[in-house]
Structure formats: structure tokens, C-alpha cells
Amino acid sequence: MPRYERTVIGSVVERKTTSPPSASPRFTAKPGVGFPAVQHRSKSAFARAREEATVNNAATRWNEVPLVVPTGELQPPPTTETKSALTDAEDLRHHISQANEQRLASMTPEEIEKERKAILEQLGSDAPDLMRRVREARERKLAREDPQATEAEGKVASSEQTGRPPVYQPKPVLPPLGARPGILRVRSLESVPQNAPPIVSSQRSCTRPSSRTGKKIRFAEVTPKDIHIYESAPVSPKRPVLALPPPPEKPDNSVVSLGTFKGSIPSKRPHPNDSPSEDKESPVTTTDDSKPEGTPEYIRQRYFPDAPENDPNLEWMQAATSSDSSELRFDLNGAPIPPSLSETLPSHLGLHHHAEGNHAGYTLENLFLLSRSTVPAQRALMLGVLAKVAHRLGAQAKDENFPDKLAELAGKEGELRKRILAAGLSAISERGSVGAMAVEVVWECLIAWDSGTADIDGIELHLAPDVISSTQPEQLLPIIAGALAQASLPRQFLEQLLAIVYRFAQESNELAGSITATPHLLPAIIQTFLLTPIPPKDDSVLPNPMALRLLTILASASRSYALSLLEPADAILRFATLLPDSSPFPPPLATSLLIQTLRFYRVLACYGLYSHIATSASLYFSALGSYILSAPSSPQKTLSQLRTAWSSLLEAWMVCATDPHATTPPHEILWSQVTAWSWESEVRLLGKDLTSADQDWEAWSAVWNVEAVWLEGARINGVKGGEKEREEVLEFVKPEFEAQEGLHRKVVRAALQAVQQRLDIVTTGGPGMEKVLKSIVEPTLVLCSAVRLWLACLPPLKDVPLGSPPFTLPFGELSKFCAELVMHPVWSLPEKCGMYLRVHLRPLSSLLAYFHRLSRHIPGTGSDLWLAQGLSIVTRLIPGDEGAAIALEENCILPVTSQIAGFQVQLPSISTDILRPFFEYTIRPNPGVYISPLHITVESICRSTTLRLTDGTSGVLEEANAGLPLSRDWLTAPLTHLLRSGTSPVFCGLPSGWDASEVDIVRATLLLLQVSRGVLQRWGLSIYALGPAEIVFACMRVCMLEHDVGAGASGTDSSAEVFRDDAVEKLMGWLLDPFTPKRLPTPPPSPPPTVAPTETTSCLLPIPTPQNYLELASQTYLRQTHTPFYQFYTDLVALYSAVSFAHPIFGALLLPPLAMRYPSDYRRLVWCEAGDGSSATADMGNGVGAVTEVVRTVRLDLERVVCCGLGWPGSNCAPTFPDVREYLYPIESDGRILGAYLQALLAGRNASQGFLRLVAIHHIACTVWPDLQRVSQIAEDGRSGTEAGADGDTVAGFIPPSVPSQPSGSFGGPKLLRLLLNRGDALAVREVLLYRQSPGGAFLWPPSCFEGSLGDADRAERVEHVRDIISGDMAERVRPIFEQKED
């Protein structure tokens, strides 16, 4: 039935006219009080209408009398008892009134009085008057809107007063909307007045009444000519007027007119909140007419009159404050916007969607804020902008000369990188465009930022550990696994996620373990990027070689990770069986997949794993070898990589076959199988297709390595030590190496020349070092392989010089190059430019190790030269070369004898072989970590735990002075273990049969130190010999050894102190002798009275290094226990006082820290403190000074004083012999120490003697006499200027000579001189009065410095100085001393 017919025909029901009128359905469910039921806003108005219709049983039948709409004018109903339909407000008031009446009727008078008092207390005493005014205002309002409604209201009110029911005479109106079927009750519709005009049509209008009925619109007082359109312009600051200004009087083409406005403009603009009742009682609002309409102050006065002027709740009305126009802003492409352009760009470009709409573009803070927006599109857009900004910052951080450098952000790249990365990580788990842009941000911050390290896979990078840790990989990796498994992102972003995982694997072995341990991550990667459909469909994706690179780097990180990858190794065999010429994939992609597959299998073979695949898939690999020999049509570089990957895999499988017990599991591949497959002949044929061009160098290296491994395996498994195999190889390679135009000869010489030229480019740092070092790798590998092949061609058990070499190599050029290489600064580059660069040094260190083995067989190489080469080369070996270092130590260093050093005094038999356990631990301190060498061996495939180098900063090696590269003082490692014998791991794991005493170990160590220094200096390699500070500290440790430690099999026990052993004394004396001053054969000429600053350059102190400064030399030993050197020295001084009995060598070892370059604490300890640590006292009243035990017993001549800073052999100072002036200059300024000097001179028979007496006299004389002060000051000024120009660096604990310690006592020059003249003996007075010395030129030895060879001017000046500061009588008393003539 049509909906409109329901208003004409309905159900016929009977009704009683006497029944009371039914209430509106709106209020049918009253809660029992005078208010309607609560309507929850969680339901729509239509849902509520349906529920009410169901409650009223109106869902199926029309239960009300239909409304008959006449065609003519509707007459009012004759009855007066029927109540008309009230409006909503009237109906509500009626029911509230009835509820109130019922409640009053049920209340007692006491309750009514109580409620009345409560109302009066709440509303005040004027509550009745207030209610009366409210009712009168309501009646006036109704009178204006509907006079009849007012009459009805009045009747209701009169009925309330008279108690009689009212008689309604309503106009015929439409029934309430809620009671009409088919029409849902909506609050906005029910607000339409019910006194509508009569309907003249039987069909209702379906037009919805406006929801704004009753509201009024106010228009501005404008004219049609005031409406204009301007060009698009940026948002301007708020103006005090709301309308745009009129166009200028002069013609302006930028103003476009829309024509004349044709509408009507009201003359009055009423406010929407204005009450229609003028007599409505409300607070009177007064506004200041002086405030323009629309301004914040006008709005406050008009609408918020009670709010204070600076109310923070009204800040939203204030005009937006303009930000700094110079702040850096970016457009949507991440490009910076110039400030001048930011203020003029139009607003339609989308660059004003931020809080500061006056400037186009987004600041970084805007971007970070909007990247957390709840609007996905806006958040994705801002993340994209951040990704572009990160790309610019990354390029700027890598290149200081970046053309688009953001100067405002220079130096802040690292901090911004972390913030941008955090913004991306916070959204990477989102779906859709937000998640995709978050992946882009993370990729830019991790991958693109460090794009130069993408190809480095042989070392843990540890480039940015703080950045990587901020990503929280333990939470990020599961998110990546889920995204890859669901493929919820486009392919581009999935590949970026793969690159992020690869970067994590590069960072550290620990993160590589996290990747393998993350559930479902590796299966998702393999399924998504490798196990794609074959043949590929039109809409399917192709395999990604980076996934194979990821598996390779994970396997190289750890043996355990490689074991976990054996299962997917079978799945990727598909890429080795499908050759590029028959693969369904494009040839470049198929070749790349094949290369990566071969590299992955080689990594597994380096652990002795998965080598059975060579047997189970032998047919496929045979076809692969034939394919590679056929020289497929590929780019030359790609073809070289393919040949190298195949040859390297064959090399690894041959090593596994050399000893089948070394593989896991054993016997996976046998040497007989390798012989049957003829791999060596196949690779030999491969070399015929190579050229001498540098693009084939990598392939040449791989080919020669295969031939070398073939000969090494044949030496073990072949007949007669592989004699036949050697003859076959030499028959092929010897002509090529020895012929003038031989191809092998050309390759070796070209590679040697390339390495030399590229090493010359290497400097001490700067950009581009990684590229230079990487270019050195390939030619160096060629040289390594050539030398390795030469060594493999040697007959077995031949370790003596040969009559003729297997084939000719450029031995002279190689020897010269290795001598230069071992001294080259390239070894220090990783510490300056990044430890990850150490991976590029592996070929160089391997070349040195191979050359040392070759050098032994070159005629003319003596044992001392070979030892010198070994001592210098062993310090250049890096992690992974432990096997070579141990072999070098066993075969070259330990077999030394005293005859090599040329000792004239016969020593007792000393065996250095007892030091083997200490050196092996020093080289490989952690038995659980075995880094595979560059060229794998039978031992390495079964023991290797990782193929990657550590970065050198991780905490793998807890022992200082342990592990490669070896420290300078690695030969003193046995002394370290002796001092810590209780906790030393070496003593806990000594081999059976080892038996040596403490003295034996010390003798062997000191002998090795003496021999090594002699041979190194003899062959011009003194830079590798220990310096004076390192030798002194080694001897200090010998003196610190306690007695009664144990006895050895040799019968020599340690019942006495080790330093008292005769052999130990001799060896320590020989070690210290080169650093003691030597008297010149002829006396030097008398120095001039003054010294020019230029004359002090000969005694400038060198820059502190471990070779010349004890606090640095002791770090390798003391940093393990975090003990300062001063504490060690304090213990040494106490031990000297307790057990030394004035031992001369022990006393000499106490002197080096007393030099003036060390802090004054050391001198105060020796000169001012007693042996037990208590202060020394002096009875100055009796004229006798007390001295410490050290000052009293150390009576050494100058020839036995050890000098660590000036003139020692091998230093950069000009003097040939050590100079004791490092103890004399600068002049002492500590008053307490000066007092101790004077006490030592006034101590009578306990006075200091020898060198310490010279030190005391020198500093007192220089403090007293002005002429010595002037000379010292001139020298100080010259030294200060020279040192500042040479190097401005400072060293912890080092006090520069030009900045002496500040005075801390009361002993000044006049007081010192007065005490000396009054209480000193004749000898002390004479030596101080006549002392002379110069900081430059030749040193004046005693007694020349006391003989009074002063100039007449200096003598007269000193006499007058005594007269000025003491008295004339004292001057006359000392005058005869100055006037005495020299004998």
C-alpha cells in the first residue's frame, strides 16, 4: 500500500469521548519523576523511534484514529472536552506539573516545609519572586508566538489556582511526528512549530524542514561594490575588519570583478543569540565602541564580559604570532625553502597546513609533529618528507662538499638521524601508506645513510651502534617477519625491509644471531625472495640476489648460524642447476643468482659443512664447470666474478678433502674424488682465457690458490709427498713466470706496481680512504697467491735456503716492498677512519706472513735478519692471522740464543722455549673464538667459529695486551702473568711436562728483549724495539716480583728476590745501558753567559708516547685493574725501602718518574715522604735536615741515571746520548720540594750524594740566582713556542715543561739563600754559589759546573743580589768565594 494512503484509510476502532486524552508517546516511559527518560546519544534518532514504535505496539497495525484531511477549510471540532495536541515544550511542562502535584499530594506538611527550606537555602530568599518572573517571561513569549497557546497556558495556570480542569479549544494541527507511522522522530524535525497552516492536499510533503529553523543570519553592512576577488595569496594576518578592502583607485589588473551584487542587503544584522524578548532579564553587556568589531578585545567584551583581559582560555581568539622567518622550512619534496620565498608562496600548494600559517613550508618540528597525526594520509605525507630530508642529511654527513648542504643543520646530522628514525619506527607496524612510508624512513636512516658500506661483508661493522640499538631489533625483526609473511606492502618496500635485515646482519654477529632466532623471519625471506615460481608468471616477482647475500653473511657470522642454514641450502640448489643460458630468468639475474649461490656454498665449506653436495650433485657441477670454461657471453666483470666464485668453491672443497676427518660430518668428500673429478686441470684451463688486465686479477688469484691447495693436499695424500703433482704444475707455470713475456710474470709485476702506486696515495686520513684501500685488495691478493703457489711448489721438509727456487719471482722488488709496507702508515688508518677498514688490510698482512716464509729460503738471509723481519712483521698481523703468528713465534722468535745478540759475557743456559704458553695465550687469548684465516686450512675448517673479523672495540677480549694486533711490549707478557700468577689463565692450563721457575721465565724474557732490540737496531727497524720507558717499566715489574714463589726443575729457585739473580742483574743492566748519559771524550767549551732561544731546540722534549713516557707505557698492564701508575710507583718505592738494601739497579728504576715532565706528586713522594708514607721532618734549629730513605740510599753517578725523554737512541731529538736535563728543567716551583732539596744539602753525613745532590743544587741555585733564572726563562719561552707550533695535543697526566706546577710552600729564593748561608757546610755553600748550567748546548758535568767559571758580570751580580736580599755583611762574607780563581 502506498505510504500516503495510510493517512486516508486505517483501522476502525471505537473510542469513548469521555476517556482522558492520551499523552504524547514521547513521554510514555516516565521514570516516576517530573523529567523524561534519559536518551543515550549512542543510538541514532531513527533507532530510538523504532524502539518506541515497538513499545507502543504500532509496528503491525494502525491503532489510532486516522486523520481525515478535508478538501476544504478545516472546521474546528465541536467538543470542548477533547484536549488538543500540545507542543513538545507545553507537553513537557504539563507532565512535569502533574508529577510535581502528585509528589506534593503524597508528602506530609513536615516534608513540604523541609523541601521548601532546602529550596530557599539553595536558591535564596528571592526564589518565589524569581519563579514568578520566569513564568511571566514565558507567558509573554508565548503570547507573541501563539495567542491561543497563551490562552491555554493561562487556563492551565487558572486551573492550578482554582483546582478545576481546563477546557482546551485547540486549532486543528498535524499529529506529533513521533506518533505518525513511517516518519521517524528526529529532534531537529520536532522543533518545527505545530500551528502550521491547513494542508490543502491529501498527499503529504516529503520535504524535510530545515534544521536551522528559528535561527537568524546577520549580514555585514556592505554594498555590492565592496565584493571583490583577488589573486591567490598566502594567508595574511587577521585584519581588524572582516571584509576585504575596496580595490585601489588606480587600475590594477590583479583585481578581478565579479560584477554588481543583485541581492538585498539587510539594514540590521541581529546577533543569533539575541533574545526576541526585549524584557528578558539578562546581564547588561557594555562594549567599548572604540574597539573595532571583530578584534579579540571586542569579542571578549561582547561575548565574555566577565572574563579577564589575559584569560588563557581566550587565547584562541588572538591572532597567530608570526614565527621567525629565518627558520629552515621544507617543501613536500624535502627541499629547503628560502625564507624570502616562504612568505610569498600561495596557500594552494599545501605548504600552510601547520600552526604557523603565515609561512609556506614545514619546519622540522612541524614534520615531527605531523608525523604523529591521526589522519593516515597526512601522516604518510609527512613521513615521506622526513625520508627525503634524511636522504639529504645522509649525503651531507658523508660529503663535506655536498652541493645542497644544509648549513643550518651542519653538525646536527647524527641527532636528527636518530629522531627521524624514531618517527619511522613508531609507524612501521601500521598498514597501508603509513607503514610503507615508515619503511622508507627507516631505510633512508639505516641503508642509504651508510650506502658506502653495503659491499663490506668480512667484518662486523659496528658503524653506528647507538643508532642500531635505538631501533630495538628484538621488536623490529618480528614486525618485519610479519610484513614479509603477509606481503602487506608493495614489492619495493618489501625489498627495503630485506635491506634493513641485511644491514642488521652486517652490524654484528650478535644481531646476526637475533635474525636467525626470530621466528618465521628467514622462512619468510626465502619464500618471498628466493622460492618464486619457475617458470615465472607474468604477474609474479623474480628472485632477489640480496636474499642469498643475507644467507651468506649470516653463515659467515658463526658456525652455529651456518648449521641452522643447511636446510635452505638444498632449496637454493635450483640456481646452480639452472645455468644462465637455459634459465627462465633473465641472463644477468640468473648469473647473479648463480654467483651468490656458489659463494654461499663456499662459506659453508669453510666450516667443513655441506661438502657432500659436491658428490650428490656432481653432474650439475660438472655441467657448471663446462659452462664456465665455455666463456659465456657476459660482461667481463661479471664473467670474472663467476670464475672467481667457482674457483674459490673448488679451493674450499679441496681443503675439506685434504683431511676428511676435519669435515662435519667426517668423510663428506674424499681426496680420491677430487682427483677423479680433475678440478685442478679444469681450473688450469680456465687460466688460459685470462689476460693481464686488472679486471682479471681476482680470477688469477683464485686460479693460483686452487693450484696451491692442490699441491698442499697432494703433499699429504699423494705419492712421495706429491712429487708427481709438483712436476705437472711446475711444467705449466714455470715458463709463464720466468719468460720475459710470460703471462704470469706480467700479472705479478703489474700487480706489484699497482699496489705500490696506490699505497702512495694513502695518507693519514681523510675522505675516500675506503675506496683507496679497497683498490689495494685485488693486486695484493694476486701477490699473496703467487707467493703461496711458490711455497707450495717447495719439496716437503725443506726449511733451508734452496739452490734454485721453483720458479722466478721478483724477489728484490718484493723484499723492498715488504720492508716499506711494514713501516707504512696504512696500518693506523682503521683507528682514524673506522675499524671496519681493517678488513681491507687482511691481504696486506697475509702477504707479509707469506713473504716471511719465503724470505727464509732466499740465499743471503741470515738468522738475525730473519728474526728482525719476524719481530717487525708479527706486530702487523691482524685477527685471522693467529695461525701465522703462532708459526712465526715458534719457528723464528723462540729459537733465539745469546749468540745472536753478540754478548761478550757468557750467560748461563737460558731456554726461551718455556715462554711458548705465554705467547700463544697472548696471540689467541680466547680459545672459544677462532677466526678463520684469509686462506682456509685443514685446521681452520674444523676449529673456526666465525669467518668475520671483530671490529676491535667489542668486549670479546677482556685481557689487555692480548690478541692480534699485538701491542708494542708483547714480549713482556710473561712478566705480566708472573705478577698475576694466582689468576693467570696460563698458569691454570700449562701443558704437561712444562716446568720452569720464576727466575727462568724472567731470564728468558729479558734475553728475548735484549736480542730483539739488538737485531732490530742492526737492520734499521729500531721503531719496533722497546723504548726507554717500556724497558724501565719491564724492569720495574721484575723488581716487583715476590720471592718464595716456587722452584723449577733447573734447580734455581726463587728463595731470594728475582732482581738479585746475577743473570737478571746483567740483563737488566744491558737493557738500561743505552738510555744512560755518556761523558764526552773531550770537555765541552764554556757556554756563553746567555742562551738564545734557538739554542734550546736540541733538548726539546718529545711528544709523550709509550716509548718515552711511563704513564703511557704502563697502560697495557695497569688498565686491566684500573690502577693508576702513581699507585704502582708508590708500591715500588715502599718495596725498595723494605727489601732493596740500596740495590743500584732498583734505585736507578726509581729515578725516571722524578723528571720534571711528570707531575710533582712523584718528586714529593721521594723527596718529602718517608719510606712508610709518613712525612719526613727536619730539625732546622740544629742545622741538620732529615731526608727520606730513598734520597739517603740512592747514590748513583750520572752515568747510571736512566733518561727516558731526551736523546735516547731512536728518538727524534738531536743529542746522540741521553741527557739528564729532563730532571733539571724547568726549574722546580713547588715550595715543599724546594725545602726538601735544602734539607738534603743540610743533612750532614746523611746528605744526598751523586745525581740526587746535583738535582738539589741545581734547583736551589736556579731559584736563588737571577742570571740562571733569565737563561732558564729564555729557554722556556723558546720551548713553549716550538712545542705549541709542533703539536697542540695534551696527554692525560702530562704537565708540559713550559707550564710548571704552582708553588705550594713558603720556601722562596731569599729564604733558601739565607738558610743555606747560615746553616750549610762550606762545600754545599760553595757549590750553590758557583753553580752554573745551561738548558741548551753541551751539558756541564760535575765538577765543571761547580768550579766557578763564571763571568765577572755574573759574579758581581750575585754578590749584589746577596747584599740586596740579606745584608751587606753577608755579601762581604761570600765575596771571597766568588773571587777565588780556578785551579
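Just above sits the structure.
Residues numbered from 1 in each chain as written. Predicted model: local features only at pLDDT ≥ 70, side-chain atom pairs only at ≥ 80, totals over all residues. Heavy atoms only, no water.

Visitor: Help me understand the overall build of the protein chain, please; the structure alone is not making it clear to me.
Guide: Counting its regular elements, the protein chain contains 57 helices and four strands. In the protein chain, which comprises 1383 residues, the proportion classed as buried is 47%. Once local pairs closer than 6 in sequence are excluded, the contacts in the protein chain between residues at least 24 apart make up 73%. Carbon and sulfur atoms provide 54% of the accessible area of the protein chain, an area that totals close to 67900 Å². (Helix = DSSP H or I, 4+ residues; strand = E, 2+ residues; numbered from the N terminus. Buried < 20%, exposed > 50% of the residue type's maximum accessible area, 1.4 Å probe, protein only. Contact = heavy atoms within 4.5 Å. Areas by Shrake-Rupley, 256 points an atom, 1.4 Å probe, with all protein chains shown as cover.)

Visitor: What is the right way to read the packing of aromatic side chains from this model?
Guide: Both the distance between ring centres and the angle between the ring planes are used here to describe each pair of aromatic rings. Under the defined criterion, the tally for this structure stands at 32 aromatic pairs. Pairing Trp 671 with Trp 710 gives two aromatic rings, centres 5.2 Å apart and planes at 20°, and the pair type is stacked. Separated by 39 residues along the polypeptide, Trp 671 in helix α26 (residues 671-677) and Trp 710 in helix α28 (residues 697-717) bring together distant segments of the chain. Overall, the relative accessible area of 4% leaves Trp 710 in the buried class. The positively charged end of Arg 980 is found above the aromatic ring belonging to Tyr 1117, 4.2 Å away from the centroid. (Phe/Tyr/Trp six-rings, centres within 6.5 Å; stacked < 30°, edge-to-face > 60°. Lys NZ or Arg CZ within 6 Å of the ring centre and 35° of its normal.)

Visitor: I would appreciate a short explanation of helix α52 (residues 1251-1264) in the present structure.
Guide: In an α-helix there are 3.6 residues to a turn, and that puts residues three or four apart on one side. Between its first and last C-alpha, α52 extends 20 Å over 14 residues, near the 20 Å set by a 1.5 Å rise per residue. Within α52, 14 of the 14 residues are buried, leaving the element largely enclosed by the surrounding structure. (Expected span 1.5 Å × (residues − 1).)

Visitor: How do you make sense of unusual backbone geometry when you look at a structure like this?
Guide: Negative phi characterises most residues that are not glycine, and trans characterises most peptide bonds. Backbone torsion omega between Tyr 1225 and Pro 1226 reads 0°, so that peptide bond is classified as cis. Within the fold, Pro 1226 resides in the loop between α50 (1189-1193) and α51 (1231-1241). We note that Ala 487 has phi near 50°; this positive angle belongs to a residue other than glycine. The topology assignment puts Ala 487 in the loop between α14 (473-486) and α15 (491-507).

Visitor: Is there a simple way to explain α14 in this structure?
Guide: Helix length check: α14 (14 residues) gives 20 Å between terminal C-alpha atoms against 20 Å at 1.5 Å per residue, within 8%. Taken together, the buried positions of α14 are occupied by Pro 473, Leu 476, Leu 477, Ile 480, Ala 481, Ala 483 and Leu 484. Seen end-on, α14 carries its buried residues on one side only, within an arc spanning 165°. Turned more than 90 degrees off the buried face of α14, the exposed positions are Glu 474, Ala 485 and Gln 486. The inward-facing, buried residues of α14 abut α11 (413-425), α13 (465-470), α15, α16 (509-517) and α17 (521-529). Downstream of α14 by one or two residues, Ala 487 has phi in the positive range, about 50°. (Arc of directions from axis to C-beta.)

Visitor: How do you make sense of the packing of helix α25 (residues 636-658) against helix α27 (residues 679-687) when you look at a structure like this?
Guide: Between two packed helices, both the angle of their axes relative to each other and the distance between the axes serve to describe the pair. Put simply, α25 and α27 touch, their axes get as near as 11 Å, and they point 155° apart. As judged from the angle between their axes, α25 and α27 are roughly antiparallel. Both α25 and α27 take part in a crossing whose hand is left-handed. Facing α25, whose interface residues are Arg 643, Trp 646, Ser 647, Leu 650, Trp 653 and Met 654, α27 presents Trp 679, Glu 680, Glu 682, Val 683 and Leu 686. Considering only residue class, the contact of α25 with α27 consists of seven nonpolar, one polar and three charged. (Axes fitted to C-alpha atoms, helices over the stretch in contact; angles between N-to-C directions. Parallel < 35°, antiparallel > 145°, perpendicular 65-115°, else oblique. Left-handed = near helix turned anticlockwise from the far one by under 90°. Nonpolar A, V, L, I, M, F, W, Y, C, P; charged D, E, K, R; others polar.)

Visitor: Mind showing me how you'd approach a nonpolar patch on the surface here?
Guide: On the surface, Tyr 303, Phe 304 and Trp 316 cluster together into a nonpolar patch covering about 330 Å² of accessible area. Inspection of the secondary structure assignment puts Trp 316 in the loop between α7 (296-303) and β3 (329-330). The exposure class assigned to Trp 316 is exposed, which follows from its relative accessible area of 59%. (Patch = residues over 30% accessible without salt bridge, like charges linked within 9 Å, V, L, I, M, F, W, Y side chains within 5 Å. Salt bridge = Lys/Arg side-chain N within 4 Å of Asp/Glu carboxyl O.)

Visitor: Teacher, can you tell me more about the side chain of Thr 1076 here?
Guide: Here Thr 1076 lies in the loop between α44 (1062-1072) and α45 (1110-1113). What makes Thr 1076 buried here is its relative accessible area of 5%. At 2.7 Å, the side chain of Thr 1076 and the backbone oxygen of Asp 1073 are in polar contact. Other than its neighbours up to four places away in sequence, Thr 1076 contacts Glu 1199, Arg 1200, Val 1201, Val 1202 and Pro 1218. (Polar contact = N/O pair within 3.5 Å; in protein donor to acceptor, adjacent residues only side chain to side chain.)

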